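Listed below, chain by chain, are the residues.
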Amino acid sequence: MQADVIVDLSELVFADTSLMLDLAMIARRLRTHGRAILLRGAQPQIKTLIEMVGLHRLPGVRLEGPAAAFA
């Protein structure tokens, strides 16, 4: 059994739609093999972008909780 892929976004402070498209394509490829992609620790602005483009609603994509605030 293969594990899901975890993408740690906790240090990502900027992203655009091209990254969202890349993540969607990865999720699609993983899904064909019965796997999922877990997006972990997204900063608020990244989480907002993920939600705006609907990436989190794709099958095989899971968005896990907020990142801790930077001090």
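Here, the structure is the one placed above.
All values reported here derive from a predicted model rather than from experimental measurement. (Residues numbered from 1 in each chain as written. Predicted model: local features only at pLDDT ≥ 70, side-chain atom pairs only at ≥ 80, totals over all residues. Heavy atoms only, no water.)

Caption draft 1: The arrangement of the overall build of the chain in detail. On a plain count of helices and strands, the chain comes out with 2 helices and 3 strands. In terms of overall size, the chain behaves like a compact globule, its C-alpha atoms giving a radius of gyration of 12 Å where 71 residues would be expected to give roughly 11 Å. Dimensions of the chain along its principal axes, counting C-alpha atoms only, are 40 × 25 × 15 Å. Here the chain holds 71 residues, and 28% of them are scored as buried. Pairs at least 24 residues apart make up 75% of the contacts formed inside the chain by residues separated by at least 6 positions. (Helix = DSSP H or I, 4+ residues; strand = E, 2+ residues; numbered from the N terminus. Rg over C-alpha atoms; globule rule 2.2 N^0.38 Å. Buried < 20%, exposed > 50% of the residue type's maximum accessible area, 1.4 Å probe, protein only. Contact = heavy atoms within 4.5 Å.)

Caption draft 2: Representation of the nonpolar core within the structure. The biggest cluster of nonpolar side chains holds 15 residues, and the ones touching the most others in it are Met20, Ile37, Leu39, Ile50 and Leu55. Those elements that place two or more of their residues in this core are α1 (17-31), β2 (37-40) and α2 (44-53). Ranked by residues supplied to this core, first place goes to α1 with 5 residues. Once you skip the residues sitting within four places of it in the chain, Ile37 turns out to touch Val5, Val7, Leu23, Ile26, Ala27, Leu30, Gly60, Val61 and Arg62. (Core = buried A, V, L, I, M, F, W, Y, C linked by side-chain atoms within 4.5 Å.)

Caption draft 3: Here's a closer look at the sheet that holds strand β1 (residues 5-8). Taken in spatial order, the 3 strands of this open sheet run β1-β2-β3, and their pairing is parallel. Each end of this open sheet is capped by a strand with a single partner; those strands are β1 and β3 (61-64). Within the sheet, the average angular offset between the axes of one strand and its neighbour, ignoring direction, is 20 degrees. Of the pairings in the sheet, the one linking β1 to β2 comprises 4 bridges and is parallel in character. Counted as the bridge partner of Asp8 is Arg40 from β2. Sitting on the sheet, α1 touches β1, β2 and β3, and the angle it makes with β2 is about 145 degrees. (Pairing = 2+ DSSP bridges. Axes fitted to C-alpha atoms, helices over the stretch in contact; angles between N-to-C directions.)

Caption draft 4: Highlighting the pairing of β2. You can see the chain leave β1, run along α1 and come back into β2, and the turn it takes is right-handed. A crossover connection joins β2 to the parallel β3 through α2; in handedness this β-α-β unit is right-handed. (Right-handed = clockwise from strand over helix to strand, strands pointing away.)

Caption draft 5: Representation of the pairing of β3 within the structure. Where β2 lies against β3, 4 bridges are found, and the strand directions are parallel. Following the sheet pairing, Ile37 is matched in β3 by Val61.

Caption draft 6: Fine view of α2. Within α2, the full set of buried residues consists of Ile46, Leu49 and Ile50. Buried residues of α2 fall within an arc of 100 degrees about the axis and therefore sit on the same side. Among the exposed residues of α2, those pointing more than 90 degrees away from its buried face are Pro44 and Met52. Of the surrounding elements, those touching the buried residues of α2 are α1, β2 and β3. Two residues or fewer past α2, Gly54 is found with a positive phi of approximately 80 degrees. (Arc of directions from axis to C-beta.)

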